[in-house]
Amino acid sequence: LAKTTQPISMDSYEGQEVNITCSHNNIATNDYITWYQQFPSQGPRFIIQGYKTKVTNEVASLFIPADRKSSTLSLPRVSLSDTAVYYCLVGRLTGGSYIPTFGRGTSLIVHP
Amino acid sequence: NAGVMQNPRHLVRRRGQEARLRCSPMKGHSHVYWYRQLPEEGLKFMVYLQKENIIDESGMPKERFSAEFPKEGPSILRIQQVVRGDSAAYFCASSPRDRGTGEQYFGPGTRLTVT
């Protein structure tokens, strides 16, 4: 299974852009990269997913270089409510099924 | 469309008792995943099920733990003879049949405390 490495914690201020980078050096050809957000005492919430290059949705952007050994989640203009743990996942596809592997996550604290 | 439902939200068991955790996936979802999260740690995959089938149980302890997803009714994660080390939050997630790429919808979790 591909292992992910991300910073344990990050601090930011309201209105700033936050970039969280995740390393996954041994990512396999059929692995997707997915990011989740988790608030205390809640289940994770899907943010964004990609395979290569750049993906953007209404919440975030995901940048994946050509070698796919890392990825960067970009959160534009964060607010206090973005304070949460962010998980980078690399999952394998087996027979059409996706088995994700969660890392330790990055605890993001947004300050006023 | 109701989200993923889990019950109970909190469960207290004494050592040696059985714990049964239930998960009702989102309507139309036939894929269910179970995860365990220890305090201050990430989620650990336990088992992946489709209706009446266990697809991948590589993350499940070999003893005392079992899971099922019957044709009718919720998915059940069963822990027999619980020990204090089983205390954790257990999350269930579901995904639609036609999405094999990993977008999962999580329930609120069941917090199991073993005394």
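Residues numbered from 1 in each chain as written. Chains lettered and ligands numbered in written order. Predicted model: local features only at pLDDT ≥ 70, side-chain atom pairs only at ≥ 80, totals over all residues. Heavy atoms only, no water.

## As for the overall build of chain A
This is how it is decided: Counting from the N terminus, the helices are DSSP H or I runs at least four residues long and the strands are E runs at least two residues long. The classification of residues rests on relative accessible area computed with a 1.4 Å probe and restricted to protein chains. Under 20% of the type maximum is buried, over 50% is exposed, and intermediate values are partly exposed. Any two residues whose heavy atoms approach within 4.5 Å at even a single point are treated as in contact.
In terms of regular secondary structure, chain A is built from zero helices and 10 strands. The secondary structure elements of chain A, listed N-terminal to C-terminal, are β-β-β-β-β-β-β-β-β-β. Taking the principal axes of the C-alpha coordinates as reference, chain A spans close to 45 × 30 × 25 Å. Relative to its 112 residues, chain A shows a buried fraction of 46%. Counting only contacts in chain A whose residues sit at least 6 apart along the sequence, the fraction spanning at least 24 positions is 55%.

## Overview of the overall build of chain B
Operational definition: All radius of gyration figures rest on C-alpha atoms, and the globule criterion is 2.2 Å times the number of residues raised to 0.38. Residue exposure ignores everything except the shown protein chains as possible cover, and the areas themselves are Shrake-Rupley values with a 1.4 Å probe. The charged-residue count follows a simple rule in which Lys and Arg add positive charge and Asp and Glu add negative charge, with His and chain termini not counted at all. Think of each charge as sitting on NZ of Lys, CZ of Arg, CG of Asp or CD of Glu.
Looking only at helices and strands, chain B has zero helices and 11 strands in total. A globule of 115 residues ought to have a C-alpha radius of gyration of about 13 Å, and chain B, at 13 Å, matches this closely. Seen through its principal axes, chain B has C-alpha atoms that stretch 40 × 25 × 25 Å. Split into buried and exposed, the 115 residues of chain B put 47% on the buried side. Sequence separation of at least 24 residues holds for 52% of the intrachain contacts in chain B that already meet a minimum separation of 6. About 5900 Å² of surface is accessible on chain B, with carbon and sulfur atoms providing 45% of the total. Measuring between centres, the 18 positive side-chain charges of chain B sit 6 Å from its 12 negative side-chain charges.

## Examining the side chain of His31(B)
Under the convention used in this document: By the criterion applied in these results, polar contacts are pairs of N or O atoms within 3.5 Å in which, for protein atoms, one can donate a hydrogen and the other can accept it, and in which residues neighboring in sequence qualify only through two side-chain atoms.
Structurally, His31(B) can be placed in strand E4 (residues 29–37). Within the structure, the side chain of His31(B) is placed 2.8 Å from the side chain of Tyr48(B), a separation counted as a polar contact.

## Looking at the layout of surface pockets
Where empty space is left in the structure can be found by rolling a water-sized probe over the atoms. Defined as follows: Cavity means a closed set of points on a 1 Å grid over the protein atoms alone, one where a 1.4 Å probe fits but cannot get out, pocket means an open set with protein on both sides within 12 Å along at least 5 of 7 lines, and lining means a residue has an atom within 4 Å of a point. Grid points are joined across faces, edges and corners, and a volume is the space filled by probe spheres set on the points. Each residue is assigned to one class: nonpolar for Ala, Val, Leu, Ile, Met, Phe, Trp, Tyr, Cys and Pro, charged for Asp, Glu, Lys and Arg, and polar for all the others, Gly among them.
Of the volumes computed, that of the largest pocket is approximately 590 Å³. What lines the largest pocket is a set of 25 residues, and nearest its centre among them are Val85(A), Tyr87(A), Gln37(B), Glu40(B) and Glu41(B). For the lining of the largest pocket, the elements supplying multiple residues, two or more each, are strand E8 (84–94) and strand E10 (106–111) of chain A together with strand E9 (88–96) of chain B. Per element, the largest residue contribution to the lining of the largest pocket is four residues, and it comes from E10(A). Partitioning the lining of the largest pocket into residue classes produces 12 nonpolar, nine polar and four charged.

## Here we look at the sheet that holds strand E7 (residues 65–68) of chain B
Think of a sheet as strands paired side by side through backbone hydrogen bonds, with each pair either parallel or antiparallel. Residues and elements named next belong to chain B. Heads up, the rule is: The pairing criterion is simple: DSSP has to find at least two bridges between the two strands. Lines fitted to C-alpha atoms define the axes, with helix axes restricted to the stretch in contact, and inter-axis angles between N-to-C directions lie between 0 and 180 degrees.
Sheet architecture is open: four strands sit in the order E1-E3-E8-E7, paired in antiparallel fashion. With partners counted over all chains shown, the strands left at the sheet margins are strand E1 (5–7) and E7, one partner each. Averaged over all pairs of adjacent strands, the angle between their axes in this sheet comes to 15°, without regard to strand direction.

## Observations regarding the pairing of E4(B)
All names here are of chain B. Most of E4 is tucked away: eight of the nine residues are buried. Taken together, the eight bridges between E4 and E9 define a ladder with antiparallel strand orientation. From the neighbouring strand, Val 32 faces E9, where its bridge partner is Ser 94. Between E4 and the antiparallel strand that follows it, strand E5 (residues 43–50), lie five residues; Glu 40 among them carries a positive phi value of about 65°.

## Overview of the interface of chain A and chain B
Basically, it comes down to this: The term buried area denotes the loss of accessible surface (1.4 Å probe radius) that occurs when two parts are joined, taken as the sum for both partners. Salt bridges are defined as contacts in which a side-chain nitrogen from Lys or Arg sits within 4 Å of a carboxyl oxygen from Asp or Glu.
The interface of chain A with chain B comprises 20 residues on the first partner and 24 residues on the second. Both sides together, the interface formed by chain A and chain B hides about 1700 Å², and carbon and sulfur atoms give 52% of it. For the interface between chain A and chain B, the tally reads zero salt bridges. Linking chain A to chain B there are four residue pairs in polar contact (both at pLDDT 80 or more). Considering each element in turn, the side of chain A that touches chain B owes the most residues, five residues, to strand E9 (residues 97–102) of chain A. Residue composition of the side of chain A that touches chain B, grouped by class: 10 nonpolar, eight polar and two charged.

## So, the environment of Pro40(A)
Mapping Pro40(A) onto the fold places it in the loop between strand E3 (32–38) and strand E4 (45–50). Residue classification places Pro40(A) among the exposed positions, given a relative accessible area of 67%.

## Observations concerning the sheet that holds strand E6 (residues 61–64) of chain A
Residues and elements named next belong to chain A. Sheet architecture is open: four strands sit in the order E2-E7-E6-E5, paired in antiparallel fashion. The sheet is open, and its two borders are formed by strand E2 (18–23) and strand E5 (53–56), each paired with just one other strand. Across this sheet, the average inter-strand angle for adjacent strands is 15°, counted without regard to direction. Of the strand pairs in this sheet, E5 and E6 are connected by four bridges, and their pairing is antiparallel. Within E6, the position partnered with Val 55 by the bridge is Leu 62.

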